[in-house]
Amino acid sequence: MQVQCELCPKNCLIGPGQSGECRVRINIDGVLRTVVYGYPCSISVDPVEKKPLFHFLPGTPILSIATVGCNLHCRNCQNWEISQANPEDTPAALCPPERLVQLTREQACPSIAYTYTEPIIYYEYTYDSARLAREAGMRNVLVTAGYVNEQPWRQLLEYVDAANIDLKAISDEFYQRVCSATLKPVQDALVAAKASGALVEVTHLIIPTLNDQSEQLQQLSRWIKTNMGAETPLHFSRFFPKYKMLNLPPTSLKTLDTAREIAMEEGLQYVYIGNIRSKQGQNTYCPECERLLIERSGYIVLQNNLKDGRCPDCSKEIYGVWK
Amino acid sequence: MTRRGFFHGVAGAALAILLGAAWLVKKAVPRRFTRAHRLPAYPGPVRPLGNISKPAKWSG
Ligand code: SF4
Ligand SMILES: [Zn+2]
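Conventions used here
Residues numbered from 1 in each chain as written. Chains lettered and ligands numbered in written order. Predicted model: local features only at pLDDT ≥ 70, side-chain atom pairs only at ≥ 80, totals over all residues. Heavy atoms only, no water. Helix = DSSP H or I, 4+ residues; strand = E, 2+ residues; numbered from the N terminus. Buried < 20%, exposed > 50% of the residue type's maximum accessible area, 1.4 Å probe, protein only. Areas by Shrake-Rupley, 256 points an atom, 1.4 Å probe, with all protein chains shown as cover. Contact = heavy atoms within 4.5 Å. Buried area = accessible area lost by both parts, 1.4 Å probe. Salt bridge = Lys/Arg side-chain N within 4 Å of Asp/Glu carboxyl O. Polar contact = N/O pair within 3.5 Å; in protein donor to acceptor, adjacent residues only side chain to side chain. Nonpolar A, V, L, I, M, F, W, Y, C, P; charged D, E, K, R; others polar. Pairing = 2+ DSSP bridges. Core = buried A, V, L, I, M, F, W, Y, C linked by side-chain atoms within 4.5 Å. Donors = N, O, S within 2.8 Å, 3.2 Å for Na, K, Ca; no water. Tetrahedral: all angles 85-135°; square planar, octahedral: opposite > 155°, others 65-115°. Axes fitted to C-alpha atoms, helices over the stretch in contact; angles between N-to-C directions. Parallel < 35°, antiparallel > 145°, perpendicular 65-115°, else oblique. Left-handed = near helix turned anticlockwise from the far one by under 90°.

Enquirer: Hey, could you run me through the overall build of chain B in this one?
Expert: Helices and strands together make up the secondary structure of chain B, namely 1 helix and 3 strands. The linear arrangement of helices and strands in chain B, starting from the amino end, is α-β-β-β. Counting only residues that meet the buried cut, chain B has 18% of its 60 residues in that class. A total of about 4,800 Å² of accessible surface is found on chain B, and carbon and sulfur atoms cover 67% of it.

Enquirer: It is not clear to me how the interface of chain B and chain A should be interpreted in this structure. Could you clarify?
Expert: When the parts of a complex come together, some accessible area is lost, and that lost area is often taken as the interface size. Counting residues at the interface gives 28 residues for chain B, matched by 55 residues for chain A. Between chain B and chain A the total buried area reaches about 3,800 Å² when both faces are included, carbon and sulfur atoms providing 59% of it. For E6 of chain A, the salt bridge goes to R32 of chain B, with nearest N and O atoms at 3.2 Å. At the boundary of chain B with chain A, the tally comes to 26 residue pairs in polar contact (both at pLDDT 80 or more). Going through the elements one at a time, α1 (3–28), β1 (31–33), β2 (37–38) and β3 (46–47) of chain B are the ones with two or more residues in the side of chain B that touches chain A. Of the residues forming the side of chain B that touches chain A, the biggest block, 3 residues, is contributed by β1 of chain B. Looking at the side of chain B that touches chain A residue by residue, the classes come out as 14 nonpolar, 6 polar and 8 charged. Direction of pairing for strand β4 (residues 31–34) of chain A relative to β2 of chain B: parallel, over a ladder of 2 bridges. Following the sheet pairing, R33 of chain A is matched in β2 of chain B by H37 of chain B.

Enquirer: What is the right way to look at the nonpolar core in this model?
Expert: Nonpolar side chains in soluble globular proteins generally cluster together in the buried interior. Of all hydrophobic cores here, the largest spans 123 residues; its most connected members are L100, W153, L167, I224 and F236 of chain A. In this structure, L100 of chain A is in contact with I43, L63, I65, C95, I112, Y114, Y125 and S129 of chain A, ignoring residues within four places of it in sequence.

Enquirer: I would appreciate a short explanation of the pattern of salt bridges in the present structure.
Expert: If the charged atoms of two oppositely charged side chains come close together, the side chains can form a pair. Residue and element names in this part refer to chain A. Taken as a whole and assessed by the stated rule, the structure comprises 16 salt bridges over all chains. Two residues, R154 and E150, come together in a salt bridge whose shortest N-O distance is 2.9 Å. Of this pair, R154 and E150 are both found in helix α4 (residues 150–157), 4 residues apart, which corresponds to roughly one turn of the helix. On the accessibility criterion, R154 (45% relative accessible area) is partly exposed. Given a relative accessible area of 54%, E150 falls into the exposed group.

Enquirer: Would you take a moment to explain the coordination of the zinc ion (ligand 2) for this structure?
Expert: Each donor-metal-donor angle would ideally measure 109.5 degrees in four-coordinate tetrahedral geometry, or 90 or 180 degrees in six-coordinate octahedral geometry. All names here are of chain A. The zinc ion (ligand 2) binds to the protein through C286 (SG), C289 (SG), C311 (SG) and C314 (SG), with metal-donor distances spanning 2.2 to 2.3 Å. Classification of the site at the zinc ion (ligand 2) as tetrahedral follows from its 4 donor atoms and the range of 102 to 118° in their angles at the metal. All donors to the zinc ion (ligand 2) come from one chain, and their sequence spacing reads C-x2-C-x21-C-x2-C. Of the two residues, C289 sits in the loop between β14 (284–285) and β15 (292–297) while C314 sits in the segment after β16 (300–304), which places them 25 residues apart along the sequence. With a relative accessible area of 35%, C289 lands in the partly exposed category. Residue C314 is classed as partly exposed on the basis of its relative accessible area of 32%.

Enquirer: In this structure, what is going on with the sheet that holds strand β2 (residues 13–14) of chain A? I would like to understand it.
Expert: Taken in spatial order, the 3 strands of this open sheet run β2(A)-β1(A)-β1(B), and their pairing is mixed. A single partner strand is all that each edge strand has here, and the edge strands are β2 of chain A together with β1 of chain B. Pairing analysis gives 2 bridges linking strand β1 (residues 3–5) of chain A to β2 of chain A, with the strands arranged antiparallel. Bridging from a neighbouring strand, Q4 of chain A pairs with L13 of chain A of β2 of chain A.

Enquirer: For this particular structure, what's the right way to read the packing of helix α7 (residues 214–228) of chain A against helix α8 (residues 253–265) of chain A?
Expert: The relative placement of two packed helices is expressed as an angle between their axes plus a distance between the axes. All names here are of chain A. Closest axis-to-axis distance for the α7/α8 pair is 9 Å, and the angle between their directions is 45°. Comparing their axes, α8 and α7 come out oblique. Where α7 crosses over α8, the handedness of that crossing is right-handed. In this structure, α7 uses S214, L217, Q218 and S221 to contact α8, whose residues at the interface are A259, I262 and A263. Within the contact of α7 with α8, the residues separate by chemical class into 4 nonpolar, 3 polar and no charged.

These figures capture arrangement, not role.
The following block contains the structure:
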C-alpha cells in the first residue's frame, strides 16, 4: 500500500519499501517511518553567530545538530555531503532527545540549533527535542529553508524561539530550477514564523548571474519589509562554487556591499554580509542614531553596547532576544 | 428457481462486487501521514558521539 507524507509541499506518494524525496521517511508495511529519529550525523557546539543569528543571545555557544537528508536539492548546496546522502551510507551517533538536552546542559549552552541539513525532514526528532528543551528552560533555534506545510509548521513554531530562514530568491523559476522547490510555501513559512513571535532572521545567498541583479535584490528587500517588517535582519551570504554549481565564481565583496546598500535604501534596518570578512557588514548599528551597537569579527563579538536591548544613546529598542 | 431465489442470487452477487470494489479503493487510496513513526534502529553505521565541543565543519 502507498503512503502519502504531508509534512512538506512535496507531498510524496511513497510505495512499499521506498523513501520520500528527502531519503529519510520510508514506507514500511503501509506505515510512514522516520529512519533518523535520535541519530544526528553531526553534533557540535558552534557560536550562535555562525547560524547566522546576530540578534539572538550574541556571543553564546549553541549545541547544533543535523541528521542526514533534505527535501530540497539545491545545485549549490554547501553541505551536500550530508544533505544529499543516504542514511545507509552516513555514520550517525545515538542521541535521543533526553540525551541531547543533557548534553546541552553539560556544554553550558543556553540553546539548541536544528541546522546544517534541514530540520523539517527530521521533524519528529526536532519537535520532541524542542519540547523537552523548552521544559528544561533552554531555547530552540531552527536554520531552515522553510519548505514545509502549514499545519506541521505552526505546531513546531510553538517551541521555536528563533529561526534563520533562507529566502533563496524572489522567483519561483529560481526555486524550481536551482532547488527543485517552489517559492510560495517559503514565503508563507516566513510570514507565519514572524507572526508566531519567534525571532526571525533571513538569509539570502547571492549567486553571481542567477540572483544578483539590482532589481531582484530590491524586490526581495521590499518583500521582506512589507511582509515581515523593516526590523527583520537580512544576511547576504557569499556564494562559493560547490556540489553541482562549479561553473560560477564566488560572489565579489563589491556585489555584497551593493546588495547591502540596496536593502538599506529599501528601508531594512539591519542588513549584514556573511561568508566573507567585511568591516561594516558584520556590525549592528542603531537605525535611529547610527551608533555602533555590536561589533563583530567573524563569529566573535568584540563589543556589545546594548543596554537592556536598547541603544545606549537614543534608547531605541533593538529587535532581538538579548537575554 | 423461484423468483425469490433469483433475486437473492442477484443481491448476493451485487454485494460481493461492492465489497470487492470497496476493498480495491481502500488499497488504492494511500494512507496519509504528517508525522512519521520511529524506526527502532538506524539503517546506517552507528558511531560514538566523539568530541562535540568544537564547531562543526558544516555551514549553518
Ligand atoms: S518530508 Fe520528505 S517524504 Fe515528506 S513530503 Fe517532504 S520530501 Fe516527501
Ligand atoms: Zn540610537
